[in-house]
Amino acid sequence: MPDSFFAAKTRKRKRVTVKDSRPSSSRKVLKTSNGHVSAKVKVKGKSRAADEDLHSDGSGSGALDDLDLRADEVDPNESGEEDAGETPAEKRLRLAKLYLESVKESLADGEVDAAEIDKELISARLKQDVLEHAGKLHLFVADSFDFSHPPPTLRTRGHRFSVTSAVTSSDARFLFTSGKEGSIIKWDLRNGSRLATFHKLRPGGGKGKERATTETPGHSDEVLTLALSDDGRYLASAGKDRRVGVWDAEKGEWVRGFGGHRDTISAIAFRKGTLQLYTASYDRTIKLFDLSVMGYVETLFGHQDCILDLDALRAETVVSVGGRDKTVRFWKVVDETQLVFRGGGRSSIRELLEGGGLADFEEEQDRKGEKREGQTEKKHGYVEGSLECVAMIDESTFLSGGDSGSICLWSTQRKKPVFTHAVAHGFNETMSETEGLIRTPRWITALGALRYSDLFASGSWDGHIRLWKVDPRMKSFSAVGSFPVPGVVNSLQFVSPRKGSLDEASWAHVPPSKKSGPVLLVAGIGQEMRLGRWVTVKGDGSRNGALVLALYPRTLS
């Protein structure tokens, strides 16, 4: 018999069976960092409706949790105070102190004297940041401006053909304009002088038939759109050569080119406060690039026609218009979903396609007909064939303009427009030998909104930029003023530079009594439309250039 000392002892582990009444595939047990155990249950629900509310944009009460209290200039890894044993409460306290220090530095730097920094100023700044992160309209400033007198104006001229886009930096130092001849011009906003010109390139040195690559330092065709990052670091440009160009705005040097689109790029926009860039193209797609890593992120599909314009704010959402598919699409990038809003007015065919009946539609038409019987003037309805431009007011409210001359106010809470202003820029009259006088509404060629405020502007070729005020209840809007601008308005942008940015600008006429700086309205003007030559305006002082208006609030007398 072998010795028991050399015998191997085999032990079997007992199986531990845990019986649960719920299926194991629908329950996950997660262990958090503080030792607690939480259960995450997956529930299969019904598919979301097409007109679902926007819950993931941070506009609710949870927006305060998403507020990043770290200053942009401060790197938490370099603070030297963070350690492995730091509790979440201590970390929040440390980041809050860093954020308050950055607020004090920004208030003391050019805006007010250091002696005026007190609790009220810091409290007002904190409230503004919280409301802006919440994504809701909170600036009611339209009534504070006097639009009855012409404001100080800066005009620039330097493009041979129509100016397609004009943008300025948030610090009001530089102005960039692009033209149909393929060039980009950098201007000094203080005196209107030209600083640099990025000319159109001819790849290969031939007649321009060769296609440019992503390494080519410039554009080889018409530049149709521009965008500046909030920090003023990068200038993005795009156009008919199907490439996105990234420039160093300060040095005026080419940084990087991105390809990927299969057709003309019609619109680009930066997400506020970040270096994420959205691009829209005639190939019916939207692409997302991240310039912090100089890389491509993803592509969004859904439009059935050429995308003509887009806009974005702080949340990870973007709004676009699809031309003749007559839809405005609200994209939730993180959720990979979209809300579809159909423009173009109502019709019996649309009622049937959307699942409705003709009874309600005919009754509404009869009621409208009875109202018209007592009117002496006959009003005509104009069918909208294409949506041309879009602008966001806040994270859940936006505007659209089309070739029927109407401006529509939309909300993510409703499928149909909240309010529509028809024929906003009047009629275009042409004389026909057979039909006589033909009156057609002028297109809405450009829209621009002051972010998170009740003020926006619209442009066409009637010789005026019209300013509008949104109702505080977000149910309608009304005209508050207009400025004469000859030519076709191809782009509009509102910028709120901080106080002191335009002190050296002789054209701005900054009065010393003003406690707050002006709001700049930047317009790109041309003799032709941005995307085509359907309308040509010559004479009456129309020039190819940019226009910068300094809007000052009223002073209490």
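Before any of the text, the structure's been laid out above.
In this convention, every chain numbers its residues from 1, walking through the sequence in written order. Local features are withheld for residues below a pLDDT of 70 in this predicted model, meaning they are given only at 70 or higher, and side-chain atom pairs are given and counted only at 80 or more; totals for whole chains, interfaces and linings count all residues. For side-chain calculations, the full set of non-hydrogen atoms in the structure is used, while hydrogens and water are omitted.

K.L.:
Go over the overall build of the protein with me, naming the residues and quoting the values.
P.N.:
Helix and strand assignments come from DSSP, with helices taken as H or I runs of at least 4 residues and strands as E runs of at least 2, each series counted from the N terminus. Each helix and strand counted, the protein has four helices and 32 strands in total. Taken over 557 residues, the protein has a buried fraction of 45%. Contact between two residues is taken to exist if any of their heavy atoms lie within 4.5 Å; hydrogens are not considered. Counting contacts in the protein only where the partners sit at least 6 residues apart, residues at least 24 apart contribute 52% of the total. Carbon and sulfur atoms provide 48% of the accessible area of the protein, an area that totals close to 31,300 Å². Burial classes follow relative accessibility: with a 1.4 Å probe on protein chains only, a residue under 20% of its type's maximum area counts as buried, one over 50% as exposed, and anything between as partly exposed. A 1.4 Å probe and the Shrake-Rupley method give the accessible areas. Residues count as covered only by the protein chains that appear here.

K.L.:
Give me the environment of Thr197: which residues, what numbers.
P.N.:
Positionally, Thr197 belongs in strand 7 (residues 194–198). On the basis of relative accessibility, which here comes to 24%, the residue Thr197 falls in the partly exposed class. Considered as a pair, Thr197 and Ser183 are 14 residues apart in the sequence and their alpha carbons are 6.9 Å apart. Among residues more than four places away in sequence, those in contact with Thr197 are Ser183, Ile184 and Ile185. A distance of 3.5 Å separates polar atoms of two side chains, one belonging to Thr197 and the other to Arg194. Polar contacts, as counted here, are pairs of nitrogen or oxygen atoms within 3.5 Å of one another; within protein the pair requires one atom able to donate a hydrogen and one able to accept it, and residues that are adjacent in sequence qualify only if both atoms are side-chain atoms.

K.L.:
I'd like to hear about unusual backbone geometry, residue by residue, with values.
P.N.:
One non-glycine residue with positive phi stands out, namely Met294, at about 55°. Within the element layout of this structure, Met294 appears in the loop between strand 14 (285–290) and strand 15 (295–301). Despite not being glycine, Lys326 shows a phi value in the positive range, around 55°. Here Lys326 lies in the loop between strand 17 (317–321) and strand 18 (327–332).

K.L.:
With reference to specific residues and values, describe the nonpolar core.
P.N.:
Among the nonpolar cores identified, the biggest contains 21 residues, and Ile465, Leu467, Leu492, Phe494 and Leu521 are the most heavily contacted of them. Broken down by element, the residue count for this core peaks at four residues, all from strand 31 (residues 519–526). Those residues within four positions of Leu467 in sequence are excluded, and the remaining contacts are Phe147, Leu455, Phe456, Ala457, Ser478, Ala479, Val480, Gly481, Phe483, Phe494 and Leu521. Definition used in this section: a nonpolar core is a set of buried Ala, Val, Leu, Ile, Met, Phe, Trp, Tyr and Cys residues joined via side-chain atoms within 4.5 Å. Ala172, Trp187, Leu520 and Ala546 belong to the second largest nonpolar core, which has 18 residues in total.

K.L.:
Now, about the pattern of salt bridges: what can you tell me, with residues and values included?
P.N.:
Pairing between side chains of opposite charge can happen when their charged atoms approach one another. Any Lys or Arg side-chain nitrogen located within 4 Å of an Asp or Glu carboxyl oxygen qualifies as a salt bridge. For the structure on display, the rule yields 13 salt bridges. Lys180 is the salt-bridge partner of Glu528, the closest N and O atoms lying 3.3 Å from each other. Taken as a pair, Glu528 in the loop between strand 31 and strand 32 (545–551) and Lys180 in the loop between strand 5 (174–179) and strand 6 (184–188) lie far apart in primary sequence, 348 residues in all. Owing to a relative accessible area of 9%, Lys180 belongs among the buried residues under this scheme. For the salt bridge of Lys272 with Asp230, the shortest nitrogen-to-oxygen distance reads 4.0 Å. Taken together, the residues Lys272 in the loop between strand 12 (265–270) and strand 13 (276–281) and Asp230 in the loop between strand 8 (223–228) and strand 9 (234–239) connect sequence positions 42 residues apart. Classification of Lys272 as buried rests on a relative accessible area of 14%. Residues participating in the shared-partner salt-bridge network are Lys180, Glu528 and Arg533.

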